[in-house]
Structures are given as structure tokens and as C-alpha cells.
Amino acid sequence: GAGVSQSPRYKVAKRGRDVALRCDSISGHVTLYWYRQTLGQGSEVLTYSQSDAQRDKSGRPSGRFSAERPERSVSTLKIQRTEQGDSAVYLCASSLGESSYEQYFGPGTRLTVT
Amino acid sequence: KQEVTQIPAALSVPEGENLVLNCSFTDSAIYNLQWFRQDPGKGLTSLLLIQSSQREQTSGRLNASLDKSSGRSTLYIAASQPGDSATYLCAVRQGSGNTPLVFGKGTRLSVIA
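Rules used in this analysis
- Residues numbered from 1 in each chain as written.
- Chains lettered and ligands numbered in written order.
- Predicted model: local features only at pLDDT ≥ 70, side-chain atom pairs only at ≥ 80, totals over all residues.
- Heavy atoms only, no water.
- Helix = DSSP H or I, 4+ residues; strand = E, 2+ residues; numbered from the N terminus.
- Buried < 20%, exposed > 50% of the residue type's maximum accessible area, 1.4 Å probe, protein only.
- Polar contact = N/O pair within 3.5 Å; in protein donor to acceptor, adjacent residues only side chain to side chain.
- Contact = heavy atoms within 4.5 Å.
- Pairing = 2+ DSSP bridges.
- Axes fitted to C-alpha atoms, helices over the stretch in contact; angles between N-to-C directions.
- Disulfide = S-S within 2.5 Å.

A. Structural view of the side chain of A:Gln37. Mapped onto the elements, A:Gln37 comes out in strand β4 (residues 31–38). The class for A:Gln37 is buried, based on a relative accessible area of 14%. Within the structure, A:Gln37 has its side chain in polar contact with the side chain of A:Ser43 (distance 3.1 Å). Apart from the residues within four sequence positions on either side, A:Gln37 is in contact with A:Gly42, A:Ser43, A:Ala88, A:Val89, A:Leu91, B:Gln38, B:Leu44 and B:Leu89.

The following block contains the structure:
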């Protein structure tokens, strides 16, 4: 089957606007993660959710970032009131859920906030 | 707080050379360690995963070792090829279960033909 996919691949948003990024994970995977990748900070986890939990389990709680899980294999990362510092590549990953299993990454969404 | 460091930040080698990429982590209580490859504009491709109880993993020309007590891992690439040019990322999982990965900033490798 297909791997992890993300949409859109590129997004330009005006500062202050809300954006939503979508991730479709591998069928059967239980845990979905969102990471942010920048040149300065490298790759950092934003949030992740397990199983059918609709609420995110934030690695870095932030009022502007939240994730929803409308379907078992779909996650939507929402960023409210975007700031220029939010410009980054947002990577989604999923895993089977067992502790030893690897995380599989999508191609990422490059967000540019102007 | 776990911190992962990769040295060097960038490396350029001639084709055919064997090379070693280094990764160190401050908290040795890790569950596993994963090496990834990232091509420009692409996502992360998993190369090797080493459980905390293992010493090394091999896949083709790649060999990853883990010295958990000293907080170090190395990725050995044999007979490098231009197609190996990419950024290599090291990441550790701190606990069991579905805890997220903590990444290093990567080593950008260029293999010159």
C-alpha cells in the first residue's frame, strides 16, 4: 500500500491567518506524530496522538498548535494566527503502535508565512 | 532533557571512500535509536533502527553501532557513491510505548564523483 502522504506539499499563508495541514498515514498504523523542521532548530515534535484519540497528546503544548484525528488514519494539524516564525517544513509520521516499531515519515509540507 | 548532537555538520568525500557519521546523546536511558536519510525537499527515509539491547544493525553498505552507556552511535557507510549524497539524521526514542523521537540536526554528506 501507499506510504504516509501529506497535503498540501507547499503552503503560503499571510501572517495572522489560520492554516490546516493534512496527513494520511499508513493503514493500520495507530500513532500519528507531527514534527516541525527548521534550519536553526532541526526537527522537533509538535504533537502526537495514539489510537482513536481525538485529542492530541502534545509533546510541546502550545495554544496555537493542535491536531485532530477525524479518522483513524487521518490527522489534521491546525496552526492558529500564524507567525513568521512558523515558516518551516511540517513532517507527519506514523507507527504501528508497538514500542519497537519504526516511524514512517511523509514528504512534508513546506509552510511559508509572509 | 535529551539532546542529540551530530558531528560533523557537513562532510564531503570522494567516491569510493568509507566514512563514519557520529551521533551522541546526553541521556543514555534510551529505548532505541534510528538513523534516517533525507534528500532535499523530501521526507525522512528510515535506514536502520537499533534497539537499546542491540550493539549494531547492518543493511547493505550501511552499518550502525550503538554504545548506549557512553551515549554514542555511529553510521558507517562503505564504498560511498554519489547517490549517497543526502542529509543523515540520528534520532532517539526516550521511552517505550509511542513516545516521539528526539533528533540531531543532521550531517550533510556530499560524495564527489
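B. Seen up close, the sheet that holds strand β1 (residues 5–7) of chain A. Residues and elements named next belong to chain A. The antiparallel open sheet is built from 4 strands, whose spatial order is β1-β3-β8-β7. Of all strands in the sheet, those bounded by a partner on one side alone are β1 and β7 (65–71). Going from strand to strand, the sheet's axes swing by 20 degrees on average, the running direction of each strand aside. Here 3 bridges tie β1 to strand β3 (residues 19–24), and the two strands are oriented antiparallel to one another. Residue Ser 5 lies in a different strand from β3, and its bridge partner there is Asp 24.

C. Local environment of the state of the cysteines. All names here are of chain A. Per the stated rule, a full pass over the model turns up 2 disulfides over all chains. For Cys 23, the disulfide goes to Cys 92, at an S-S distance of 1.8 Å. As the torsion about the S-S bond is roughly -65 degrees, the Cys 23-Cys 92 disulfide counts as left-handed. A residue pair is termed long-range when its members are at least 10 positions apart, and Cys 23 in strand β3 and Cys 92 in strand β9 (residues 88–95) qualify at 69 residues. When its relative accessible area of 0% is taken as the criterion, Cys 23 is described as buried.

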